[in-house]
Amino acid sequence: MNKVIQELNGERATRKLPELNPGDTVVVQVKVVEGDRERVQAYEGVVIAKKNRGLNSSFTVRKVSHGEGVERVFQTFSPAISEVSVKRRGAVRRAKLYYLRDLSGKAARIDEKI
């Protein structure tokens, strides 16, 4: 049974994403449907978490919009994502950056990886 599940997951997991790590600033192009029209909307923020679970993989992106912190979880192999690009690499030492939720302003900045 396990081989059947792995085979199905392998067929569906066709998307190639750039190497995403926590602390990276990414721009996710999300497909938005408005009535009968479809457009692409950019969502830019910092990757604060990543979950590697095969077809159920996801990553969480956090941004500050109008002074309010907004987090969004994206399914890695979702058809709603058209493109993901890495804007800058962050130098962090943790896998989950949930502590950024409590920080604001300059304290929430992440150094760039050199």
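As shown above, the structure is provided for reference.
Since the model is a prediction, treat every value here as computed from it, not as a measurement. (Residues numbered from 1 in each chain as written. Predicted model: local features only at pLDDT ≥ 70, side-chain atom pairs only at ≥ 80, totals over all residues. Heavy atoms only, no water.)

Student: Run through the pattern of salt bridges, naming residues and quoting values.
Tutor: Any two side chains of opposite charge can pair if their charged atoms end up close together. Inspection of the entire model under this criterion finds eight salt bridges. Between R62 and E71 there is a salt bridge whose closest N-O contact spans 3.1 Å. On the basis of relative accessibility, which here comes to 17%, the residue R62 falls in the buried class. A relative accessible area of 30% places E71 in the partly exposed class. The salt bridge partner of E112 is R88, with a shortest N-O separation of 3.7 Å. Placement of E112 in the segment after β5 (81-88) and of R88 in strand β5 is noted, with a sequence separation of 24 residues between them. Look at E112 and you get partly exposed, because its relative accessible area is 46%. Since its relative accessible area comes to 31%, R88 is described here as partly exposed. Taken together, the shared-partner salt bridges in this structure form one network comprising E34, R37 and R39. (Salt bridge = Lys/Arg side-chain N within 4 Å of Asp/Glu carboxyl O. Buried < 20%, exposed > 50% of the residue type's maximum accessible area, 1.4 Å probe, protein only. Helix = DSSP H or I, 4+ residues; strand = E, 2+ residues; numbered from the N terminus.)

Student: Quick rundown of the layout of surface pockets? Include the residues and the values.
Tutor: Estimates place the volume of the largest pocket at around 320 Å³. Lining the largest pocket are 14 residues, and of these V46, V64, L100, A108 and R109 sit closest to its centre. Among the residues forming the lining of the largest pocket, the class breakdown is six nonpolar, four polar and four charged. Looking at the second largest pocket, it is lined by 13 residues, and the ones nearest its centre are L17, P18, K50, N52 and T76. When contributions to the lining of the second largest pocket are tallied by element, the ones reaching two or more residues are β2 (37-51) and β3 (58-65). Looking at the lining of the second largest pocket, its residues break down into five nonpolar, four polar and four charged. (1 Å grid on protein atoms, 1.4 Å probe; cavity = no way out; pocket = protein on both sides within 12 Å on 5 of 7 lines; lining within 4 Å. Points joined across faces, edges and corners; volume = space filled by probe spheres on them. Nonpolar A, V, L, I, M, F, W, Y, C, P; charged D, E, K, R; others polar.)

Student: Give a detailed account of the pairing of strand β4 (residues 68-75), specifying residues and quantitative values.
Tutor: Summarising the sheet, β3 and β4 pair through eight bridges and their orientation is antiparallel. Bridge assignment links R62 to a residue of β4, and that residue is E71. (Pairing = 2+ DSSP bridges.)

Student: Please give an account of the sheet that holds β3 that cites residues and values.
Tutor: The strands making up a sheet associate through backbone hydrogen bonding, with each pair oriented either parallel or antiparallel. The strand order across the open sheet formed by five strands is β4-β3-β2-β1-β5, and the pairing between neighbours is antiparallel. Each edge of the open sheet carries a strand with a single partner, namely β4 and β5. Neighbour to neighbour, the strand axes of the sheet diverge by 40° on average, direction disregarded. (Axes fitted to C-alpha atoms, helices over the stretch in contact; angles between N-to-C directions.)

Student: Account for the packing of aromatic side chains, naming residues and giving values.
Tutor: Under the criterion given, the structure shown has two aromatic pairs. Ring centres of Y43 and F74 lie 5.6 Å apart, and the angle between their planes is 70°; this geometry places the pair in the edge-to-face category. Here the residue Y43 occupies a position in strand β2, and F74 occupies one in strand β4, the gap between them amounting to 31 residues. An identical accessibility class is assigned to Y43 and F74; each is buried. Ring-pair connections join several aromatic residues into one group, and the members of that group are Y43, F59 and F74. One Lys or Arg, R72, reaches over the ring of Y43 and ends 5.9 Å from the middle of that ring. (Phe/Tyr/Trp six-rings, centres within 6.5 Å; stacked < 30°, edge-to-face > 60°. Lys NZ or Arg CZ within 6 Å of the ring centre and 35° of its normal.)

Nothing here speaks to function; it is geometry throughout.
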